[in-house]
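Breakdown of the fold
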Amino acid sequence: ETGVTQSPTHLIKTRGQQVTLRCSSQSGHNTVSWYQQALGQGPQFIFQYYREEENGRGNFPPRFSGLQFPNYSSELNVNALELDDSALYLCASSWGLVLGNEQFFGPGTRLTVL
Amino acid sequence: TQLLEQSPQFLSIQEGENLTVYCNSSSVFSSLQWYRQEPGEGPVLLVTVVTGGEVKKLKRLTFQFGDARKDSSLHITAAQPGDTGLYLCAVAGYGGSQGNLIFGKGTKLSVKP
């Protein structure tokens, strides 16, 4: 069974650019959640995708957008990058929408915005 | 305002010592989770507590959910260097959204040999 994988591992961008981060969910999982973890903070929920539809969004502006594909992999897109977008971006997969279902996290993508 | 307040923020101890970290809130939760995150990795679920007053043990780790389901503690006995990491508490589905986990800021634990 393959765990959650994310790419790339690290990324450096400049202010104003756009970035796409990718996540492959664990085998058998149909739900993907994205989190932003700034330095010294706990992860903050960005949004969740269930069976290719957005199912819940945190307090993030519209320039944060996502997609989920038929194989349940997912992308996180961020437009017009700002310095404060520098963070570790975590993807987590789970099965279904049962409250409290365990979410399995990938290792994250470290984004640096200069 | 942070929903979950974790303390202490940092903890540095010697191998063999005992320690307790806390997760507090003024809100009541149906369940609470503890995660450990190691450098370069995502958080890994350690335990979910659901009943007020519940105590769960995972080897040298003891987790307790407060009677009023507003707070939780994690006690580590005879800490080892392998226990080093960021300990996060989290609640699921707070505020009606099933999808998200809300995390505290974490306690960064360093166990020196």
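The present account deals with the structure reproduced in this document. (Residues numbered from 1 in each chain as written. Chains lettered and ligands numbered in written order. Predicted model: local features only at pLDDT ≥ 70, side-chain atom pairs only at ≥ 80, totals over all residues. Heavy atoms only, no water.)

1. Remarks on the overall build of chain B
The following threshold applies: The way it works is that DSSP assigns letters per residue, a run of H or I at least four long becomes a helix, a run of E at least two long becomes a strand, and they are numbered from the N terminus. Only protein chains enter the accessibility calculation, which uses a 1.4 Å probe; a residue is then buried when its area is under 20% of its type maximum, exposed when over 50%, and partly exposed in between. Any two residues whose heavy atoms approach within 4.5 Å at even a single point are treated as in contact. Accessible surface area values rest on a Shrake-Rupley calculation with a 1.4 Å probe, where residue burial reflects the displayed protein chains alone.
Check the secondary structure of chain B and you find zero helices and 11 strands. Mapped from its N terminus to its C terminus, chain B presents α and β elements in the order β-β-β-β-β-β-β-β-β-β-β. Each of the three principal axes of chain B carries a C-alpha extent, and together these read 45 × 30 × 25 Å. Per-residue burial over chain B gives 45% buried out of 113 residues. Once local pairs closer than 6 in sequence are excluded, the contacts in chain B between residues at least 24 apart make up 53%. Here chain B displays about 5,400 Å² of accessible surface, and carbon together with sulfur accounts for 49% of that area.

2. Looking at the packing of aromatic side chains
Which entries qualify depends on this criterion: Aromatic contacts are taken between Phe, Tyr and Trp rings whose centres are within 6.5 Å, Trp giving its six-membered ring; a plane angle under 30 degrees counts as stacked, one over 60 as edge-to-face, and the others as tilted.
Evaluation of the coordinates by the stated rule reveals nine aromatic pairs over all chains. Consider the rings of A:Phe105 and B:Tyr35, whose centres lie 6.0 Å apart with planes at 90 degrees: the pair is edge-to-face. Taken as a pair, A:Phe105 in strand E10 (residues 104-105) and B:Tyr35 in strand E4 (residues 32-37) lie in two separate chains rather than in one. Accessibility expressed as a relative area gives 12% for A:Phe105, which makes it buried. On the accessibility criterion, B:Tyr35 (0% relative accessible area) is buried. Pairing A:Phe105 with B:Phe103 gives two aromatic rings, centres 6.2 Å apart and planes at 70 degrees, and the pair type is edge-to-face. Here A:Phe105, found in strand E10, pairs with B:Phe103, found in strand E10 (residues 101-103), and the two come from separate chains. For the pair A:Phe105 and B:Phe103, a shared accessibility class is recorded, and that class is buried.

3. Quick word on the pairing of strand E9 (residues 85-92) of chain B
Residues and elements named next belong to chain B. Put simply, the rule reads: One requirement defines pairing of two strands: DSSP has to find at least two bridges between them.
Counting buried residues along E9, eight of its eight residues qualify, which places the element largely inside the surrounding structure. Relative to strand E11 (residues 107-112), E9 runs antiparallel, the two being bridged by three bridges. Along E11, the bridge assignment pairs Tyr 87 with Thr 107. Where E9 lies against E10, three bridges are found, and the strand directions are antiparallel. Pairing of Val 91 across the sheet is with Ile 102, part of E10.

4. Re the pattern of salt bridges
Residue and element names in this part refer to chain A. Counted only if it meets this: Here, a salt bridge means any Lys or Arg side-chain nitrogen found within 4 Å of an Asp or Glu carboxyl oxygen.
Under the definition given, this model contains seven salt bridges over all chains. Residues Glu 54 and Arg 57 are paired through a salt bridge, measuring 3.5 Å at the closest nitrogen-oxygen approach. In this structure, the salt-bridge partner of Arg 63 is Glu 82, at a minimum N-O distance of 3.3 Å. Here the residue Arg 63 occupies a position in the loop between strand E6 (53-57) and strand E7 (64-68), and Glu 82 occupies one in the loop between strand E8 (74-78) and strand E9 (87-94), the gap between them amounting to 19 residues. Through salt bridges with shared partners, a single ionic network connects Arg 63, Glu 82 and Asp 85.

5. Regarding the state of the cysteines
Filter applied, for reference: The rule for a disulfide is simple: a pair of cysteine sulfur atoms within 2.5 Å.
Evaluation of the coordinates by the stated rule reveals two disulfides over all chains. Between the sulfur atoms of A:Cys23 and its disulfide partner A:Cys91 the distance amounts to 1.7 Å. Looking down the S-S bond of the A:Cys23 and A:Cys91 bridge, the torsion is -45 degrees, so its handedness is left-handed. Residue A:Cys23 is located in strand E3 (residues 19-24), and its partner A:Cys91 is located in strand E9; the two are separated by 68 residues in the primary sequence. Here the two residues A:Cys23 and A:Cys91 agree in accessibility, since each one is buried. A disulfide bridge connects B:Cys23 with B:Cys89, and the sulfur atoms are separated by 2.0 Å.

6. Re the sheet that holds strand E7 (residues 61-65) of chain B
Paired through their backbone hydrogen bonds, the strands of a sheet run either parallel or antiparallel. Residues and elements named next belong to chain B. This is how it is decided: Here an axis means a line fitted to C-alpha atoms, over the contact stretch when the element is a helix, while the angle between two N-to-C directions is reported on a 0 to 180 degree scale.
An order of E1-E3-E8-E7-E6 is seen for the five strands of this open sheet, with the pairing classed as antiparallel. At either margin of the open sheet sits one strand with a lone partner, and together these are strand E1 (5-7) and strand E6 (55-58). The average angle at which neighbouring strand axes cross in this sheet is 15 degrees, direction not considered. Where strand E3 (residues 19-24) and strand E8 (residues 71-76) come together, six bridges link them in antiparallel fashion. Counted as the bridge partner of Cys 23 is Ser 72 from E8.

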